[in-house]
Amino acid sequence: MDPRIKPVADIKTVPLFDIVVDLDPRLSFGETPVGRRVLFGAAGGSFAGERVRGEVLAGGGDWALFRPHGEMALDVRLTLRTDDNELIYMTYGGRWITPPELKADMADPAKRYTVDPSRYYFRTQPLFETGSSAYAWMNDIVCVGTGYLVEGAVAYKIFQVV
């Protein structure tokens, strides 16, 4: 082992909030030089945690890229409005990997919401930006999230890395 490597504390997380993003009908850009690009537009939604809660405003979305083997690379931008009327810009990338044996069920509109999220890999790394003094602490945190489908929406459990 390289002698310059130092022991450090394990990475720990604490819950930040749960979020549900309601989706507009998808828009497909078709097959591009880098894969199939699809916009999953945000139609609204809500988020709630101990330190921050509010609504997801319409107008953002996920400019997702489906790679050659069906893996999805996320590129999400959302506007959050807190319950005390402050705005927070939320961005995240991530990956959604569906095992081959689940692809048919995930493609079926009647079955996709019943698939156990522990059977697929859907992870994100949210970052936040705001000019609000009440939520300025969010400008300096790193988060991770785990996603899953709900009827008409996508949902995430977001954790702050401490």
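Calculation rules
- Residues numbered from 1 in each chain as written.
- Predicted model: local features only at pLDDT ≥ 70, side-chain atom pairs only at ≥ 80, totals over all residues.
- Heavy atoms only, no water.
- Pairing = 2+ DSSP bridges.
- Helix = DSSP H or I, 4+ residues; strand = E, 2+ residues; numbered from the N terminus.
- Buried < 20%, exposed > 50% of the residue type's maximum accessible area, 1.4 Å probe, protein only.
- Contact = heavy atoms within 4.5 Å.
- Salt bridge = Lys/Arg side-chain N within 4 Å of Asp/Glu carboxyl O.
- Core = buried A, V, L, I, M, F, W, Y, C linked by side-chain atoms within 4.5 Å.
- Phe/Tyr/Trp six-rings, centres within 6.5 Å; stacked < 30°, edge-to-face > 60°.
- Lys NZ or Arg CZ within 6 Å of the ring centre and 35° of its normal.

### Re the pairing of strand E1 (residues 13–23)
Put simply, side chains in a regular strand alternate between the two faces of the sheet. Looking at chain direction, E1 and strand E11 (residues 153–161) are connected through nine bridges and run antiparallel. Residue pairing in the sheet places Val21 in a bridge with Val154 of E11. As paired strands, E1 and strand E3 (residues 35–48) are joined by six bridges and run antiparallel to one another. Bridge pairing in E3 links Leu23 to Ala42.

### As for the environment of Leu78
With respect to the helices and strands, the residue Leu78 is situated in strand E6 (residues 72–82). The class for Leu78 is buried, based on a relative accessible area of 2%. Every residue in contact with Leu78, bar those within four places of it in the chain, is listed here: Ile19, Val21, Ala42, Val56, Gly60, Gly61, Ile88, Tyr89, Met90 and Tyr92.

### A short note on the environment of Tyr148
Along the chain, the position of Tyr148 falls in strand E10 (residues 143–150). On the accessibility criterion, Tyr148 (24% relative accessible area) is partly exposed. Measuring from C-alpha to C-alpha, the distance between Tyr148 and Tyr113 comes to 8.3 Å, with 35 residues separating the pair along the chain. Contact partners of Tyr148, with chain neighbours within four places excluded, come to Pro117, Tyr120, Phe122, Val154, Ala155, Tyr156 and Lys157.

### Some details on the pattern of salt bridges
The full count for this structure, using the stated rule, is six salt bridges. Arg81 serves as the salt-bridge partner of Glu55, at 3.4 Å between the closest nitrogen and oxygen. Placement of the pair is Glu55 in strand E4 (residues 53–56) and Arg81 in strand E6, with a sequence separation of 26 residues. The residue Glu71 makes a salt bridge to Arg67 at a minimum N-O spacing of 4.0 Å.

### Focus: the side chain of Thr98
Positionally, Thr98 belongs in the loop between strand E7 (87–97) and helix H1 (103–107). In contact with Thr98, other than residues within four places in its own chain, are Lys103, Met106 and Tyr120.

### Topic: the nonpolar core
Ranked by internal contacts, the top residues of the largest apolar core, which has 35 residues, are Leu16, Phe17, Ile19, Leu78, Leu80, Met90 and Phe128. Top contributing element to this core by residue count: E6, with five residues. Excluding residues within four positions of it along the chain, Phe17 makes contact with Phe47, Ala48, Gly49, Val52, Leu80, Met90, Phe128, Met138, Tyr156, Lys157 and Ile158.

### Let's talk about the packing of aromatic side chains
With the rule as written, the count across this model stands at six aromatic pairs. Ring centres 5.9 Å apart and planes at 65° place the aromatic pair Phe17 and Phe128 in the edge-to-face group. Placement of the pair is Phe17 in strand E1 and Phe128 in strand E9 (residues 127–129), with a sequence separation of 111 residues. Note on accessibility: Phe17 and Phe128 belong to one class, buried. Here the aromatic rings of Tyr92 and Tyr156 are separated by 5.2 Å at their centres, their planes lie at 75°, and the arrangement is edge-to-face. With Tyr92 in strand E7 and Tyr156 in strand E11, the pair connects residues that are 64 residues apart, well separated along the chain. Taking relative accessible area as the criterion, Tyr92 reaches 6% and is therefore assigned buried. For the cation-ring pair, Arg36 lies above Phe66, with the distance from its terminal atom to the ring centre recorded as 4.2 Å. For the cation-ring pair, Arg77 lies above Trp63, with the distance from its terminal atom to the ring centre recorded as 4.2 Å.

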